[in-house]
Amino acid sequence: NSEQTWTITVEGVNDNPPVCNTNYVTSYTEGTPISISVSDFGCQDIDDDTLTYTLSADGTDTGSFSTDGTTITSLATPDYDTGDVSYSLLVDVTDDSSLHTTTVSIYIEIIPQNDYLPYFYEDNTYVTTVTTYTCDIDEDETLGTAVCQVYGYDLDSPDTIDGQLTYTLAEPASEFFINSDSGILYLRASLDYETTTTYELTISVLDGNNNIATATLTVSIVDVNDNYPVFIVEYYTATIDESTIVSSILTVSANDGDSGTDGTVEYTLTDSDFTVTTAGELSTAAGVDYEAIYPDVTISLEIEGCDQGSTPLCATVPVFITINPTNDAAPVITPSDATASLPEDTDIGYQVFDFDATDTDDGSDGEFYFEMSSSNSYFHVNSATGIVSLIAELDYETSSTSHEEEFTVYAIDYGNPSKTSSVTGTVTIENVNDMDPVCDPAVITLILEETTATAGVLDTLTCTDTEDGTAMQYSFVSGGILSLTSDEFTIDSSTGEISLNSDLNYESVTTYEIVAVAEDQASDALTATVYITVFVTDVLETDPAFAASTDNAGEIETTAVGTVVYTAAMDGGGDTSGGTVVYSITSSTTNFAIDSLTGEVTLTSELDYETATTHTVDIQADYTDTSVSVTDTMTLTVNVEDYNDNTPVFSTIVQATTIEESTVNNGDVVVSLTVTDADEAGSVNSAVTLFLVNHDDVFIISSTDLTVRDSTLIDYETTSQAFFNVTIIGVDTGTTALTGTCYVTVSVTPYNEEAPEFTAASYSFDVSESTSVGDYIDQVSADDTDRSDGDDDYDGKVLYALVSGNDDNLFFLNSYNGELYLQAEADYESVSTTTYTLSVRAFDLGIVGGPLSTTIDVTTNIIDENDNAPECDLYSYYVEVSENSVTGEEVLADQSCVDSDGTSPNNDFTYTATSGTGFSLFTVSPTTGAITLKTGGSLEYESATTMYDLYIDIVDGGTTPFTSSVTVTISVTGYNEVTPALSDKTEYMDEDTAVGTNITQFVAADTDYGDDGVVEYYIVSGNDEYKFALDPVNGVLTLSGLLDHETTTSYTLVIDMVDQGVDPSALTGTVGLTVYVQEINDNALVCDPKFYAGTVLETALESDDAFITISCTDIDESPTGQTFIIQTSDPQTDFEFSSNGLKLLNEVDYDSGVTFYNMTVIAQDADSPYYNTTVTVYVEVSPVNEFTPTFATNPYTFELYEDETSGYVLGSVTATDGDRGYDGDIIYRIESGNEDLKFALTKTDGELSLYGALDRETTEYYTLVVIAKDKGSTQLTGTTTVSVTVLDVKDTAPACTLTYSVDITENDPAGTTVTTIVCTDADDSDTLIYSIIDGNEEVKFEWDSTDDTLLVLAEELDYEATQEYTINITVTDTELYTAEVTVFVYVDPVNEYTPTFTVPDTGFEVYLYEDSALSDTLFEFLATDLDSSDQEHGQMYMYIV
């Protein structure tokens, strides 16, 4: 053996970084320079390298520090108040060659100091310091209003208690409080300028160490017009005479609680009749006319009183002025000037003037009567109506030379003293011509021959005027010469001589009755009458003769034999009345004869116009008398008028014809007709018009032809249109038309008009390829509208033929019935086509018009049958699928299978999975065979099964289906599918936890195999302050920096968890971690605001509901809450805190004198050590109008006599109210029952007095509703009833319904009620007496024996005797006051009597001639009815029963 010794030297390598306390925390007081030794970091290097310290540029406050490598110092002294609150630095510690570096984080906290005192400044610009403030506030501002603000300032940071200021009032004022935080002064009690105008307040501001500054605040109260004027009384009353100017009626007055002009009240009134001074003195502007306002004689005014504030406040008061009437107007008479002229013969009683008068006064002052001066004896004035009437006869001849009568009419009112007006009436008497002239003789008779000459006077009238002898004027009365057709006579107007003015003619006029008038010359002329009769005697002057030698007469040819056709008269010459005339026919005629005495020519045989149209008759007349014989002749031509007496005659009465249905057209002539009429040719009687009686819709008459009107109605196929019996009439146009008739039979012959038409628009037949040869397929059918019901009706018989399309000769068509049959095999796979279009013709056998046909295509489909199974390219498949396949992902694409059948559904097929280990996981598309992962199915490579098989059937759609089968093998491959997962975490750490402490460990779940399930961890967000470190492999999280709750209360970290998978890639999960930094208690509560004000109603009850809530915060976030304690209270508190809410502990009562509470409250946190602060709470008690005024009595009752005078005091109504202040002050008012202002009520003490005059007869009881209302903001009202009874003083007359109108039926028995007289007497215990004073002269009425107000019949009434009664009744009371009543009784008639015939009174007979005319009177009946004829009961009519 041998030995050898080796020395191995291990040389050092710099392979370790420096190790330091990487989170260094320290603090400095502001104003102290910062100096930190690097040795404080405790850095070491295992390699024993020399370490170098440098400030990292990444540090937040690097620019504020410097280092020499051993010490880090601040460049300036830190000042917390300017923002130097903390510093954050990063120091890089490097070893030799700077190979390794460790970074130390430095946090330096600056601690503040109270190094400044607070000050007051003028405003929030903080430029000018002050020691005094001034501000203004209106006296009516609402509680809680901000008055003004003071501004304190402290240069210490406001983030510390050294710079946090608190404002206080050095001497608390009940009217104000100051917000301790903002310095805003608020109003907490009502102000009243009239009580206090200025407040001097001392204000203090303190910092957190109680350093203090003070200032003086002067608050000036601004006067506000806040009081309304209040009138001293509720209303005013006065009485004045009408039309009187009153300089001072009364003075109104109102008080106003404001000062200066705000309390000065001035008064206004808008009314044309009254004025009011600004001092309230009311006077009349003009006299008030009582009559203009009657009956409302009390004027209601409203005077407004307004203070003189900048915004005036006003109140109104009613004033009631009663106007007394005076007699201030005299009656005014119309017309004012009265003149008239009366004829001396005016009748006594004639109304000469109708004076009227008006008096604008009311009552007796406006009532008047008329009087006339006593010196007049002709006229009288009616004192009531003013009508002036004539009471004595006038005489022009005996009147004064002026012929005038003058008088004076007076209108005098009943006023005291009365007033009078007058008018003068002048009447002129006119002369009247009142004596008639006298004629002697008054009757004259003259006899004159008709040949009397016109020259010479026939007679002279003798007439005189007995009154004044004036000359007469003569004339004939216009129209008074009876039967006079011309002026045969004249009279001389001056002398009265009567003369013949023209020739007389006895043959024309035999007697004249003449009336002559003698008229005097007065303006109102009077006349005398003379009656003159003139008899004319006959003188034969010329021979009698016919008036004309020829004459004509006309007769219709139907004139009846014996008819007088003409009357001959010898009246063309001298008078024939003195002799005899004989008439004769001298010509030969058999048609006419003449009556020899009357000259009447009569028809002796029938006339015929068609034989002779005229007849000539010679007539002779022979006149004879005692002295002469005269003969004359004339010729009479009788014209015969044609008459329609021949009937139209057809040449052929019955005819027959045929027409062909197809060729006939509208307007074609069916038959020509010949018709004649034997009446005169060319006359209306022989003109014939033809008319159709029937079938006028088919045919029409054209002149004398029967023609076709509508050929569409001629149809052989329609029975009703194939044969027509046509009736034709011929009508002449004579006045009485005559008619002839013809009958035409029209037969329609057939024509092949219509081709057959198939019953279907198209035909389509299906033929299965399995159909046997000879089998029936289907049928085609056609109809022909031509007739086919007869043996010879070939036009409508239809046959069928197969024209084309039967290419494979598969089909056969029956020609008679259209049935289609298969005549060869129809194999779907071997036929040339599967659809045949067969052309089928339907044809008829028409003769006239030839046969017609129609062709239609018949589609015949060969139907396939299922006879082939599906065939596939492969029957076995192998596929791979990844485990991450999702539902619906395709595993195998379409399988290649076909079915050789020709049609669907036979060549359709479906794929169906039937079994296999993959049956529950995979689904097969029934149409393509594609395999996909089922819904809800999942593949898992990590499971025990990674290989599946699936068996599939392919089934076609035939009725009897065929099936093929396929097998598929499926292999599952792996996939990185699971993302690392872990629930979010929460950790709690004290803020003093040491660096390096393990916080938690992350262990993610990933169920993938291999690298797919290996996970690493990384912090991705939330670690901006580098407080945490995370091991990527084991997932352990440690604290790497110091925590501070006041800086950051929580951290939210987001950690990525990444697996190592490759296919398809690595997966990343995310987890959240919230780290809550727990505090250490070191801060007092901060309350904002520090002053609270609230209001509580005195009616509020003890409640758990807080009405003031104090808001405080604890930056330490003490988990146990806050406590509030009432430290002091003035007065003793009735409140307590629940949590931070102030609630009412006991009831408060404003009415007992407690109006507010001032409390100091301690707000304290709940952690040890305890910190607290104080808050001021001010609670004002608001009064509530709790108590309703209550009357001592309800109801009140008073009595007084109706004649008591205004001002009489009935008594007082009083009420009490338990409230304090305005809520308890009471005012009284009459609410209702005093609409007519009979009573007055003093509003302050409730004294009730009489104001207006009473009248028990009008109102006996008054029920007044009196209210007592307090003055609370929400007024409460008490109510009582005052009953006033008015005691009677007898002073009224009976009050009655003044008129009654009653209908009574005649024959109503005695005792029947007429009416009840309704009267009342307002006086107590008066007895009324009823008396009939007028209208009962027939004693038809009386009072009921048991009821003296009931008027009844004393006996029956009779309408025929009296139709109405007016009964006047007086009603008298025991004081002899009287009322008058009128009853109008109207008698209603009753149908008492039956009509009675007077002519005839029995049966009768009437004889009449057979030629009596229509409407001739046969007999006149007379009848009577004793019922009154002015009623329907007495009005009759007659009728034949």
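Structural notes, computed from the coordinates. Counting of residues starts from 1 at the beginning of each chain's written sequence and follows it residue by residue. Per-residue local features are limited, in this predicted model, to residues with pLDDT of at least 70; the limit for side-chain atom pairs, both in listing and counting, is 80 or more; totals at the level of whole chains, interfaces and linings are taken over all residues. The side-chain values count all of the structure's non-hydrogen atoms but skip hydrogen atoms and water molecules.

### Some remarks on the overall build of the protein
Here is step 1: Of the regular secondary structure elements, the protein holds 1 helix and 113 strands.
Here is step 2: Computed over its C-alpha atoms, the radius of gyration of the protein comes to 73 Å, more than 25% above the 35 Å expected for a compact globule of 1441 residues.
Here is step 3: Each principal axis of the C-alpha distribution contributes one length, and for the protein these read about 240 × 140 × 70 Å.
Here is step 4: Taking all 1441 residues of the protein together, 39% fall into the buried category.
Here is step 5: Contact definition: two residues touch when any of their heavy atoms are within 4.5 Å. Look at the contacts in the protein between residues 6 or more apart in sequence, and 68% of them connect residues 24 or more apart.
Here is step 6: Here the protein has roughly 75,400 Å² of accessible surface; of this, 48% comes from carbon and sulfur atoms.
Here is step 7: Asp and Glu are treated as the negative residues and Lys and Arg as the positive ones, with His and the ends of the chain left uncounted. Where a charge lies is defined by one atom per residue type: Lys uses NZ, Arg uses CZ, Asp uses CG and Glu uses CD. Looking at charge distribution, the protein has the averaged site of its 20 positive side-chain charges lying 18 Å from that of its 262 negative ones. Only DSSP runs of H or I with at least four residues qualify as helices, and only runs of E with at least two residues qualify as strands; both kinds are numbered from the N terminus onward. In this setup the radius of gyration rests on C-alpha atoms only. A globule is expected at 2.2 Å times the number of residues raised to 0.38. Throughout, exposure labels follow a simple rule: accessible area from a 1.4 Å probe, protein chains only, divided by the maximum for the residue type, with under 20% read as buried, over 50% as exposed, and the rest as partly exposed. Residue burial considers only the protein chains on display, and all accessible areas are found by Shrake-Rupley using a 1.4 Å probe.

### Re the state of the cysteines
Here is step 1: Any two cysteine sulfur atoms within 2.5 Å of one another count as a disulfide. Under the criterion given, the structure shown has 6 disulfides.
Here is step 2: Each sulfur of the disulfide joining Cys872 and Cys897 lies 1.9 Å from the other. Across the S-S bond linking Cys872 and Cys897, the dihedral sits near 105°, which makes this disulfide right-handed. Linking Cys872 in strand 69 (residues 871-872) with Cys897 in strand 72 (residues 897-898), this pair joins segments that are 25 residues apart in sequence.
Here is step 3: Classification of Cys872 as buried rests on a relative accessible area of 9%.
Here is step 4: Looking at Cys897, the relative accessible area reads 10%, which means it is buried.
Here is step 5: Sulfur-sulfur distance for the disulfide between Cys1296 and Cys1319 comes to 2.1 Å. Measuring handedness by torsion sign, the sulfur bridge of Cys1296 and Cys1319 sits at about 115° and is right-handed. Taken together, the positions of Cys1296 in strand 103 (residues 1295-1296) and Cys1319 in strand 106 (residues 1319-1320) put the pair 23 residues apart, joining distant regions of the chain.
Here is step 6: Regarding the disulfides, the protein carries the connectivity 1-2, 3-4, 5-6, 7-8, 9-10, 11-12 under sequence-order numbering of its bonded cysteines.

### A look at the sheet that holds strand 27 (residues 338-343)
Here is step 1: Only strands joined by at least two bridges in the DSSP assignment are considered to pair. Taking strand neighbours across the sheet as the criterion, the 4 strands line up as 27-34-33-30 in an open arrangement whose pairing is mixed. Bordering the open sheet on either side are strand 27 and strand 30 (368-372), each of which pairs with just one other strand. Averaged over neighbouring strand pairs, the angle between their axes works out to 25° when direction is ignored.
Here is step 2: In this structure, strand 33 (residues 404-413) lies alongside strand 34 (residues 420-430), joined through 9 bridges in antiparallel fashion. Orientation is described by axes fitted as lines to C-alpha atoms, over the contacting stretch for helices, and by angles from 0 to 180 degrees between their N-to-C directions.

### Observations regarding the pairing of strand 59 (residues 739-749)
Here is step 1: The alternating pattern of strand 59 places Gly740, Cys742, Val744, Val746 and Val748 on a buried face, while none of Thr739, Thr741, Tyr743, Thr745, Ser747 and Thr749, on the opposite face, is buried.
Here is step 2: Relative to strand 59, strand 52 (residues 654-660) runs parallel, the two being bridged by 7 bridges. Within strand 59, the position partnered with Thr658 by the bridge is Ser747.
Here is step 3: Across 9 bridges, the pairing between strand 58 (residues 723-732) and strand 59 is antiparallel. Across the sheet, residue Gly730 finds its bridge partner in strand 59, namely Gly740.
Here is step 4: Joining the antiparallel neighbours strand 58 and strand 59 is a turn of 6 residues.

### Some points on the packing of aromatic side chains
Here is step 1: The aromatic pairing rule takes the rings of Phe, Tyr and Trp, using the six-membered ring of Trp, and pairs them if the centres are within 6.5 Å, calling planes under 30 degrees apart stacked, those over 60 edge-to-face and the rest tilted. Tallying each qualifying case throughout the model produces 34 aromatic pairs.
Here is step 2: Here the aromatic rings of Phe353 and Phe407 are separated by 6.1 Å at their centres, their planes lie at 55°, and the arrangement is tilted. One end of the pair, Phe353, is in strand 28 (residues 351-354); the other, Phe407, is in strand 33, with 54 residues separating them in the sequence. Both residues of the pair, Phe353 and Phe407, count as buried.
Here is step 3: Arranged with centres 6.0 Å apart and planes meeting at 55°, the rings of Tyr1330 and Trp1343 form a pair that is tilted. Of the two residues, Tyr1330 sits in strand 107 (residues 1329-1334) while Trp1343 sits in strand 108 (residues 1341-1343), which places them 13 residues apart along the sequence.
Here is step 4: You can call Tyr1330 buried: its relative accessible area is 11%.
Here is step 5: Ring pairs connect the aromatic residues Phe353, Phe355, Phe379 and Phe407, which therefore count as one cluster.

### Re the sheet that holds strand 99 (residues 1239-1241)
Here is step 1: On the basis of which strands lie adjacent, the open sheet formed by 3 strands has the order 96-100-99 and antiparallel pairing. Each edge of the open sheet carries a strand with a single partner, namely strand 96 (1209-1212) and strand 99. The mean angle between the axes of side-by-side strands here comes to 20°, regardless of whether they run parallel or antiparallel.
Here is step 2: Where strand 96 meets strand 100 (residues 1247-1250), 3 bridges bridge the pair, whose relative direction is antiparallel. Considered in strand 100, the bridge of Gly1211 is made with Leu1248.

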